Amino acid sequence: MTTPDPLRNFVVRFTQLHDAGLEPSRLQREGTELLRQLVAQDTWLPEAFAQPSPERYSQYLLHCDPLERFSVVSFVWGPGQQTPLHDHRVWGLIGMLRGRESETQYTRTADGQFLPEDVTFLDPGDVAALTPGVNDYHRVANALEDRPSISIHVYGANIGGVARATYDPQTGTEKPFISGYSSQQTPNLWDRSHERRSA
């Protein structure tokens, strides 16, 4: 049975981290542990936010802080789907919920070209971090050719509204984009009527 409790608890605890005024590096470090706890269980993501699209990967907003200090997003990858090389321009955390994801990090050279680094993989329960100026350029793909994969991302802004860019790895040509989201809906985390009626 799907229950939003783990996601709601994550949102509450992550908001508390923000309210404590932690510097970004510590916020990411402590947030990593919270995200690891969230993706360690697979009972909470509603089906509407776990659906792949045949055309491209889907990006579903699960929660956005009212002050847009952070957002929580489910990325759903159909078999073999991948992103172009892109950046984020805000810090990020990626937690693997289902399937397997590959990540290719890139280094930008002085002349604007991009050099691929090692490919790493995320399996269920794994968490990775992204930091602008450190490891913000990457390409992500579903490492599975026969079924969807789902990762849960936390970003230091309302990521669907952030002006970012994709890049041609050979030429370094930059193409601006704003991702938006794959749905106009978010899960209802705050309806406690069921749990209170059964108490």
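Residues numbered from 1 in each chain as written. Predicted model: local features only at pLDDT ≥ 70, side-chain atom pairs only at ≥ 80, totals over all residues. Heavy atoms only, no water.

A. Fine view of the overall build of the protein chain. The helix and strand tally for the protein chain stands at 3 helices and 10 strands. Within the protein chain, counting contacts between residues at least 6 apart in sequence, those at least 24 apart form 74% of the total. Roughly 10,000 Å² of accessible area belongs to the protein chain as shown, and the carbon and sulfur atoms make up 49% of that amount. Once the 18 positive and 25 negative side-chain charges of the protein chain are each reduced to a mean point, those two points are 5 Å apart. (Helix = DSSP H or I, 4+ residues; strand = E, 2+ residues; numbered from the N terminus. Contact = heavy atoms within 4.5 Å. Areas by Shrake-Rupley, 256 points an atom, 1.4 Å probe, with all protein chains shown as cover. Lys, Arg positive; Asp, Glu negative; His and termini not counted. Charge placed at Lys NZ, Arg CZ, Asp CG, Glu CD.)

B. Representation of the pairing of strand β7 (residues 138-142) in the model. Burial of β7 is extensive: 4 of the 5 residues sit out of reach of the surface. Where strand β4 (residues 101-108) meets β7, 5 bridges bridge the pair, whose relative direction is antiparallel. The residue of β7 that forms the bridge with Thr 104 is Arg 139. (Buried < 20%, exposed > 50% of the residue type's maximum accessible area, 1.4 Å probe, protein only. Pairing = 2+ DSSP bridges.)

C. Representation of the sheet that holds strand β2 (residues 71-77) in the model. Overall, antiparallel pairing links the 5 strands, which are arranged β1-β2-β8-β3-β6 in an open sheet. Of all the strands in the sheet, the pair left with one neighbour each is β1 (58-64) and β6 (127-130). The mean angle between the axes of side-by-side strands here comes to 25°, regardless of whether they run parallel or antiparallel. As defined by bridge partners, β1 adjoins β2 across 6 bridges and the pair is classed as antiparallel. Among the inter-strand pairings, Tyr 60 is bridged to a residue of β2, identified as Ser 74. In the packing of helix α2 (residues 24-39) onto the sheet, the strands contacted are β3 (92-98), β6 and β8 (149-155), and the crossing angle to β3 comes to about 15°. (Axes fitted to C-alpha atoms, helices over the stretch in contact; angles between N-to-C directions.)

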